[in-house]
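Understanding the architecture of this molecule
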Amino acid sequence: MCEDRMTKLVVLLASALCLFFSPQTQGQGAIPPPVNLSIESCDFNTILKWEVADGNRTTRFNVYYREYENNIWRPVCLNISKHYCDLSNAFVASQAAQEVISGYYTRVQAITASQESPSVLTNRFTFGQNATLSPPTVLLAASGNDLTVEVKYPALNSKSSNLSFDFLSYNVCYRDRHRRNTKSACLKNRSQQQHFRVPEGVVCVSAEVLASIFDLKGNKSKETCLEIHSTNLSGTFLS
């Protein structure tokens, strides 16, 4: 009786091993994972991109993300065929969302109807280290020695943006074009419109967008110059 039971056990174990190492089961989970993952973030529009190794048209992808200090993975793009995922609404940039300072991770998995790849993890993302801000446009207007500088940041008018951008400030730099050895004077302000008293001559102004809570400085704009015709030489001038 014991020998019969032992024989049956050996047969069952052999069958289980054959099933485990069969070509059908070995194929499960064997599709290659996505490669060359990268995250690009410009003006808080954040996109994760990847490439595929096999080019199978039936392959789809699942994307998850988590905060740096949180182990909970949340879905952001599921069962998609495209090779990118918009993370802009997941990677929240606002003064209230302090967790963004710590950063984010994402992971991508390739799937088919019967197979799935291992998940691939991205490097840690932070706005301060990995994001960029476009240069603003600078508009100048003058009335005598009173100069008005208006900073136009394109992202503020983006229809896809759901951010208030209340955490942004603007660094405006001024110089006299005819004084070559004079350094630019820069003033930081949260307002997009700034007013200065400037001396007569040609003034040139540039600006950059700052997101100080992320330690992020944008690209500086090209200089915009304007000739100032003095009507009143009294008062305090920007120097």
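Residues numbered from 1 in each chain as written. Predicted model: local features only at pLDDT ≥ 70, side-chain atom pairs only at ≥ 80, totals over all residues. Heavy atoms only, no water.

**Structural notes on the nonpolar core**
Grouped together as the largest cluster of nonpolar side chains are 44 residues, with contacts concentrated most on Phe-44, Trp-50, Phe-91, Leu-147, Val-149, Leu-168 and Ala-211. Where this core is concerned, the elements lending two or more residues are strand E2 (45-51), strand E3 (60-67), strand E4 (74-80), strand E6 (104-111), strand E9 (137-143), strand E10 (146-152), strand E11 (169-176) and strand E14 (201-211). Among the elements that make up this core, the one with the highest residue count is E14 (five residues). (Core = buried A, V, L, I, M, F, W, Y, C linked by side-chain atoms within 4.5 Å. Buried < 20%, exposed > 50% of the residue type's maximum accessible area, 1.4 Å probe, protein only. Helix = DSSP H or I, 4+ residues; strand = E, 2+ residues; numbered from the N terminus.)

**Here we look at the confidence of the model for the protein chain**
With 76% of its residues at a pLDDT of 70 or more, the protein chain has an overall mean of 80. Confidence drops under a pLDDT of 50 for residues 1-29, and excluding neighbours within four residues, the segment shows ten contacts in the predicted structure. Under a pLDDT of 50 for its full length, residues 233-239 has, in the predicted model, 17 contacts with residues more than four places off or in other chains. (pLDDT = per-residue confidence, 0-100. Contact = heavy atoms within 4.5 Å.)

**Section: the packing of aromatic side chains**
Under the definition given, this model contains twelve aromatic pairs. Here the aromatic rings of Phe-167 and Phe-214 are separated by 5.5 Å at their centres, their planes lie at 85 degrees, and the arrangement is edge-to-face. On the criterion of sequence distance, the pair formed by Phe-167 in the loop between E10 and E11 and Phe-214 in the loop between E14 and strand E15 (216-217) is long-range, its members being 47 residues apart. Assessed through its relative accessible area of 4%, Phe-167 is described here as buried. A relative accessible area of 6% means that Phe-214 is categorised as buried. Put simply, the rings of Phe-44, Tyr-65, Phe-91, Tyr-104, Phe-125, Phe-127, Phe-167 and Phe-214 touch in pairs and so form one group of aromatic residues. Against the face of Tyr-64 rests Arg-107, its NZ or CZ located 4.9 Å from the ring centre. (Phe/Tyr/Trp six-rings, centres within 6.5 Å; stacked < 30°, edge-to-face > 60°. Lys NZ or Arg CZ within 6 Å of the ring centre and 35° of its normal.)

**A few points about the pairing of E10**
Here is the key point about a regular strand: its side chains alternate between the two faces of the sheet. Taking every second residue as pointing to the same face, the buried face of E10 carries Leu-147, Val-149 and Val-151, while none of Asp-146, Thr-148, Glu-150 and Lys-152 on the other face is buried. In this sheet, E10 lies alongside E9 in antiparallel orientation, the contact comprising seven bridges. Opposite Ala-142, over in E10, you have Leu-147 as the bridge partner. Count of turn residues in the E9/E10 antiparallel hairpin: two residues, of which Gly-144 carries a positive phi of about 65 degrees. Here E10 runs beside strand E13 (residues 193-197); their pairing, made up of five bridges, is antiparallel. Residue Thr-148 lies in a different strand from E13, and its bridge partner there is His-195. (Pairing = 2+ DSSP bridges.)

**Details of the state of the cysteines**
Counted according to the given criterion, the structure contains three disulfides. The disulfide partner of Cys-173 is Cys-186, and the S-S distance across this bridge is 2.0 Å. The S-S bond linking Cys-173 to Cys-186 shows a torsion near 105 degrees; that makes this disulfide right-handed. Of this pair, Cys-173 sits in strand E11 while Cys-186 sits in strand E12 (residues 185-189), placing them 13 residues apart in sequence. (Disulfide = S-S within 2.5 Å.)

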